[in-house]
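# Results of the structural survey
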Amino acid sequence: MANEIIKARVEDVVKRIEKKINNPSKRQEMIEKVETYDKTKDPRDDIDLHESALLYPQDELGDEYQVGKREVDIDWTSHAQYRSDLRDVNPDKVTDAILDLVEAHPSMKNHDKIKLVKPFGKVVVDVDGRLPGDVEADVITVMN
């Protein structure tokens, strides 16, 4: 898996833009931004948070899981969903990494932003373990 080649999936994001954005000029502008960003990696060329929210409704990824006696609620920001598609990072592997983290720290009681570095890439997660029976984990962004 460490030798696994990860290719950016700009075409997946472009298909989503074509499907979700009705305004032809906005659609073309967003496609150009994504394609330019893929080439330059310059954040000034990328779509903004509002545009990623148009493409990725907040409720598309995420679910509740049971780890030991704790319920783990994993949610994804629109930005993280966009980055996952763009960078071809498998959401299931991200979920597994978060569940492994909670399992390794069953008495987690902090609220922290954590960067997980795994063979599939890096994930920034806002983890809140302050509730007695729950852990909330919000995936903020992913990188490969």
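Figured I'd write up the structure that's included with this text. (Residues numbered from 1 in each chain as written. Predicted model: local features only at pLDDT ≥ 70, side-chain atom pairs only at ≥ 80, totals over all residues. Heavy atoms only, no water.)

A pair of packed helices is captured by two measures, namely the crossing angle of their axes and the spacing between those axes. Their axes nearest at 9 Å, the elements helix 1 (residues 10-20) and helix 2 (residues 24-40) cross at an angle of 170 degrees. With respect to each other, helix 1 and helix 2 are oriented roughly antiparallel. Across the interface between the two elements, Val 10, Val 13, Val 14, Ile 17 and Glu 18 from helix 1 touch Arg 27, Met 30, Ile 31, Val 34, Glu 35 and Asp 38 from helix 2. (Axes fitted to C-alpha atoms, helices over the stretch in contact; angles between N-to-C directions. Helix = DSSP H or I, 4+ residues; strand = E, 2+ residues; numbered from the N terminus. Parallel < 35°, antiparallel > 145°, perpendicular 65-115°, else oblique. Contact = heavy atoms within 4.5 Å.)

We now examine the nonpolar core. One recurring pattern in soluble globular proteins: nonpolar side chains tend to sit buried together. Counting residues in each nonpolar core, the largest one holds 22 residues, and the members touching the most others are Ile 74, Val 94, Ile 98, Val 123 and Val 139. In this structure Val 94 touches Trp 76, Val 89, Phe 120, Val 123, Val 139 and Val 142, once residues within four positions along its chain are discounted. Of all hydrophobic cores here, the second largest spans 14 residues; its members include Ile 17, Ile 31, Ile 47 and Leu 55. (Core = buried A, V, L, I, M, F, W, Y, C linked by side-chain atoms within 4.5 Å. Buried < 20%, exposed > 50% of the residue type's maximum accessible area, 1.4 Å probe, protein only.)

Time to look at the pattern of salt bridges. One pass over the structure, following the stated rule, counts 11 salt bridges. Close ionic contact of Asp 12 with Arg 9 constitutes a salt bridge, the shortest N to O distance being 3.1 Å. Given the relative accessible area of 25%, Arg 9 is considered partly exposed. Arg 83 is the salt-bridge partner of Asp 46, the closest N and O atoms lying 2.7 Å from each other. Residue Asp 46 is located in the loop between helix 2 and helix 3 (49-55), and its partner Arg 83 is located in helix 4 (residues 78-86); the two are separated by 37 residues in the primary sequence. Residue class for Asp 46 comes out buried when judged on its relative accessible area of 8%. Linked through salt bridges whose partners overlap, the residues forming this network are Lys 26, Glu 29, Lys 33 and Glu 51. (Salt bridge = Lys/Arg side-chain N within 4 Å of Asp/Glu carboxyl O.)

Quick look at the side chain of Asp 128 now. By secondary structure assignment, the location of Asp 128 is in strand 4 (residues 121-128). Given a relative accessible area of 15%, Asp 128 falls into the buried group. For Asp 128, the side chain forms a polar contact with the side chain of Arg 130, separated by 2.9 Å. Apart from the residues within four sequence positions on either side, Asp 128 is in contact with Asn 110, His 111, Asp 134, Val 135 and Glu 136. (Polar contact = N/O pair within 3.5 Å; in protein donor to acceptor, adjacent residues only side chain to side chain.)

Our next topic: helix 5 (residues 91-104). Between its terminal C-alpha atoms helix 5 stretches 20 Å, which fits the 20 Å expected from 14 residues at 1.5 Å a residue. Along helix 5, the residues that are buried comprise Val 94, Thr 95, Ala 97, Ile 98, Leu 99, Leu 101 and Val 102. Buried residues belonging to helix 5 abut strand 1 (62-67), strand 2 (70-76), strand 3 (111-118), strand 4 and strand 5 (134-143). Where helix 5 starts, the residue carrying a side-chain oxygen 2.7 Å from the main-chain nitrogen of Asp 92 turns out to be Asn 90. (Expected span 1.5 Å × (residues − 1).)

Let's shift gears to the packing of aromatic side chains. Taken as a whole, this structure holds 1 aromatic pair when the rule is applied. Their ring planes at 55 degrees and their centres at 6.4 Å tell us that Tyr 56 and Tyr 82 sit as a pair that is tilted. Of the two residues, Tyr 56 is situated in the loop between helix 3 and strand 1 and Tyr 82 in helix 4; the sequence distance between them amounts to 26 residues. The exposure class assigned to Tyr 56 is buried, which follows from its relative accessible area of 1%. (Phe/Tyr/Trp six-rings, centres within 6.5 Å; stacked < 30°, edge-to-face > 60°.)

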